[in-house]
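Working through the structure, step by step
Chain by chain, the residues run as shown.
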Amino acid sequence: MIVRLPKDLIDQIAAGEVVVRPASVVKELVENSIDAQARHIYISVDNALRDIAVGDDGSGMARADARLALERHATSKIRSLEDLQAIRTRGFRGEALPSIAAVSRLTLTTRRPEDLAATCIVVEGGQVKEEKPIGAPPGTKVVVRDLFFNTPARLKFLKSPATELGQLTRAVVRQALASPSVAFRLVNRGRAFLDLPADQSLRSRVQQVLGLDPKDMIAVDFEKYGVRVEGFVAKPIEARRDRRHQFFFVNGRPVADRTMAFAVEQAYEGLVPSQRYPVVVLLVEIAPDEVDVNVHPSKEEVRFRDQKKVVGLLNRAVAEALRAADLLPEMRLAESRPPGRGSSRDRTQFEKKFEQAGRSLLVPGPPYKEAPAAVGRVETTAPSARGQERPAPADETVAGGDRSKEPPEPSASSELVAPPDQPPLDQIAHPRALGQVADTYIVAQVGEDLLVIDQHAAHERLLYLKACERERSATQSLLVPIAVEVRPSDRPLMEQLIPVLERLGFETESFGGQSFVVRSIPAMFEQIDVPTLINDLLDELAREGPVGEFEKLRERVLTSLACHAAIKAGQRLGVEEMQQLIDDLMAARLSYTCPHGRPTMILITRDQLDRQFKRK
Ligand code: ADP
Ligand code: MG
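Let me begin by describing the structure that accompanies this report.

What follows is about the overall build of the protein chain. Regarding its fold elements, the protein chain presents 20 helices and 22 strands. Every one of the 616 residues in the protein chain was classed for burial, and the buried ones make up 51%. Contacts in the protein chain between residues at least 24 apart in sequence constitute 70% of all its contacts with a sequence separation of at least 6.

Next up, the structure:
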């Protein structure tokens, strides 16, 4: 038998899509406040997040509108399909207020500045209980009590208050990052969690909300083919264990989009270790008719007309920003400068100087000299000659080798990204090796500054880059194949590993049982101890659980390969070897971190030394 559902049940079902947890209530209410042009938004929660109040100083509503606002599909934001296609507001579905009201006891108090009195409407489980004029300041305040009191199932699905509060805070943070000019205050049981002033720049809002040091933030400002990408990405060293520090916005709307996250992570490939995720706040602006915002009830997903283009450009925007950034981390010595004597002037000079030096790392390098790592070479190729040798698109490494994921249009992907006006390399101070400390760190002089290099991390980074670049590079057939024995339990893993090893130049064959033979290895890794490498890899993979797709596995093999082949910490080096390593580092690109994400080098400037010795 078919029956028409009663209105309150319909409302509850609808609420199920929009109001899943306290965080969704806050999100919807805050979006409404932003749409109402509020300058200050106050959010207060209590009673294990079942009581939520959101107040604003926005436009407010006339009495008749306030009543309508609580009805389903009532909105002031669109009138027609054309409006929806050019939407600039956060809301447009006209569902949030009635949905929240259906699953709580809700009081709406609202007043336009021009009205004498405010309107107060009390709703319980979707039924209007009371409506009256009341004294209140201009703006709107929505108080939600006993959230989910009439939907016990929903209540049961809530996580711990701490988890829910985390989600709720994140919902506010997303809105706050999208609207840095609006003040936000979030209070839980009287305690302020977030207090952000009005009129902040995006930079200072990002800095405050994510707790980033300005020095670790890289600005992104990119525009091409009608797509604008703006925002900040953090240096690789700031990468986190999960994606909670990634924020994406499309035309001002916070979105959660996996493909956008992947595009950005690809730009960081090789700079952050696997299982680490870069911190980013990126705002994409695109013509409204190129994006469909109406694909998800909570409007957190969007669909682009040309997804590949947008994602490809996002990748480029980040890759370019990373490349143009100051690549050498500055050593953070204990600050000893007297307060007030700001050094912004020195700092800019420093920045200028090292912007140049940093760029030298960006110039496409020559093919790696196949000279055995141990034999030094005092004479280095004239740097200017090197620069011209090989104008390989720098895209290759930064975008992570896998070109198939780049946008298909040749015009959007095949341009050289390196700045065309680079100073010739020989005009930039080239580091000179001075010696080694603890057989682990190389100390070098760069102009008037001091450079300290972690020999293992740096060499590892170099080898990794080379291996990425020259995947199908020269392999060397072995006269005597190398036998490798694996544990019986590792055999299935080994089968998965073989195609990856083959692609990298290790021709490997099963020899029955747990025995395998390696018949060729890449020339650049000829010194490597193959059985140890393979067994270490298998251990690592077994420990870390499922290996995932080919690309992920390849990345892990490359990382491990670089680590095994690199100069070890504790290995004594001659000055020529040190210089060779430095030269190679300078010729390579993006040598800022090793594949594990640790720094490879630290710069201590003359200025910092002067300050430490109280000369300044
Ligand atoms: P939507 O935001 O999709 O339009 P809502 O149910 O969230 O739907 O809100 C319905 C209407 O109520 C909005 O279109 C707006 O006109 C009005 N409204 C809601 N919240 C506020 C607020 N804080 N200030 C002013 N007007 C509001
Ligand atoms: Mg709304």
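All right, on to the packing of helix α16 (residues 491-503) against helix α18 (residues 550-565) then. Each pair of packed helices can be summarised by the angle the axes make with each other and by the distance between the axes. Running from N to C, α16 and α18 point in directions that differ by 65 degrees, and their axes come no closer than 10 Å. One element, α16, and the other, α18, form an angle in the roughly perpendicular class. Considering the relative orientation of α16 and α18, their crossing is right-handed. Side by side, α16 and α18 meet where Gln496, Leu497, Pro499, Val500, Leu501 and Arg503 of the first sit next to Phe550, Glu551, Leu553, Arg554 and Val557 of the second. Residues of the contact of α16 with α18, tallied by class, amount to 7 nonpolar, 1 polar and 3 charged.

For side chains bearing opposite charge, pairing can occur when the charged atoms are close. Within this structure, the stated rule accounts for 30 salt bridges. With a closest N to O distance of 3.2 Å, Arg228 and Glu223 form a salt bridge. Measuring nitrogen to oxygen at the nearest pair gives 3.6 Å for the salt bridge that ties Glu290 to Arg305. Residue Glu290 is located in the loop between β13 (280-286) and β14 (291-292), and its partner Arg305 is located in the loop between β15 (303-304) and α10 (307-324); the two are separated by 15 residues in the primary sequence. A relative accessible area of 18% means that Glu290 is categorised as buried.

A word on the sheet that holds strand β12 (residues 253-255). As summarised here, the arrangement of the 5 strands in space is β9-β10-β13-β11-β12, forming an open sheet in which the pairing is mixed. Edge positions in the open sheet fall to β9 (217-224) and β12, since each of these has one partner strand only. Across the sheet, the mean angle separating the axes of adjacent strands is 20 degrees when strand polarity is ignored. Against the sheet, helix α9 (residues 258-267) makes contact with β11 (246-250), β12 and β13, and its axis sits at roughly 120 degrees relative to β11, the strand it touches most. Along the sheet, α10 makes contact with β9, β10 (227-234), β11 and β13, crossing β9 at roughly 135 degrees.

Moving on: the site of ligand 1. Around ligand 1, the surrounding shell holds 21 residues, and the nearest of these are Asn32, Thr75, Ser76, Lys77 and Gly94. Contacts to ligand 1 include Asp56, whose side-chain N or O atom sits 2.9 Å from a nitrogen atom. Between ligand 1 and Thr75, the relevant distance is 2.5 Å, taken from an oxygen atom to a side-chain nitrogen or oxygen of the residue. Against a free-state accessible area of 530 Å², the protein chains account for coverage of 93% of ligand 1. Of all the secondary structure elements, the ones that give two or more residues to the shell around ligand 1 are α2 (22-35) and α5 (96-102). Per element, the largest residue contribution to the shell around ligand 1 is 3 residues, and it comes from α5. When grouped by side-chain class, the residues that make up the shell around ligand 1 number 8 nonpolar, 9 polar and 4 charged.

To continue, consider the sheet that holds strand β5 (residues 127-134). One open sheet holds the 8 strands; their spatial order is β5-β4-β3-β6-β2-β1-β7-β8, and the pairing between them is mixed. In the strand order of this sheet, the two ends are held by β5 and β8 (191-196), each with one partner. Taking each pair of neighbouring strands and ignoring which way they run, the sheet shows an average axis angle of 10 degrees. In the sheet, strand β1 (residues 40-46) pairs with strand β7 (residues 183-188) via 6 bridges, with the strands oriented parallel.

Of all 7 residues in strand β4 (residues 118-124), 6 are buried, a share of seventy percent or more. Pairing analysis gives 6 bridges linking strand β3 (residues 105-111) to β4, with the strands arranged antiparallel. Its bridge partner being in β4, Leu106 is matched across the sheet by Val123. Here β3 folds back onto β4, and the loop between the two strands holds 6 residues. From the end of β4 to the start of β5, which pair antiparallel, there are 2 residues, and Gly125 there has a positive phi angle of about 50 degrees.

Here is what the cut-offs are and how they apply
Residues numbered from 1 in each chain as written. Chains lettered and ligands numbered in written order. Predicted model: local features only at pLDDT ≥ 70, side-chain atom pairs only at ≥ 80, totals over all residues. Heavy atoms only, no water. Helix = DSSP H or I, 4+ residues; strand = E, 2+ residues; numbered from the N terminus. Buried < 20%, exposed > 50% of the residue type's maximum accessible area, 1.4 Å probe, protein only. Contact = heavy atoms within 4.5 Å. Axes fitted to C-alpha atoms, helices over the stretch in contact; angles between N-to-C directions. Parallel < 35°, antiparallel > 145°, perpendicular 65-115°, else oblique. Left-handed = near helix turned anticlockwise from the far one by under 90°. Nonpolar A, V, L, I, M, F, W, Y, C, P; charged D, E, K, R; others polar. Salt bridge = Lys/Arg side-chain N within 4 Å of Asp/Glu carboxyl O. Pairing = 2+ DSSP bridges. Near = heavy atom within 4 Å. Polar contact = N/O pair within 3.5 Å; in protein donor to acceptor, adjacent residues only side chain to side chain. Areas by Shrake-Rupley, 256 points an atom, 1.4 Å probe, with all protein chains shown as cover.

The quantities given are spatial measurements derived from coordinates; they are silent on function.
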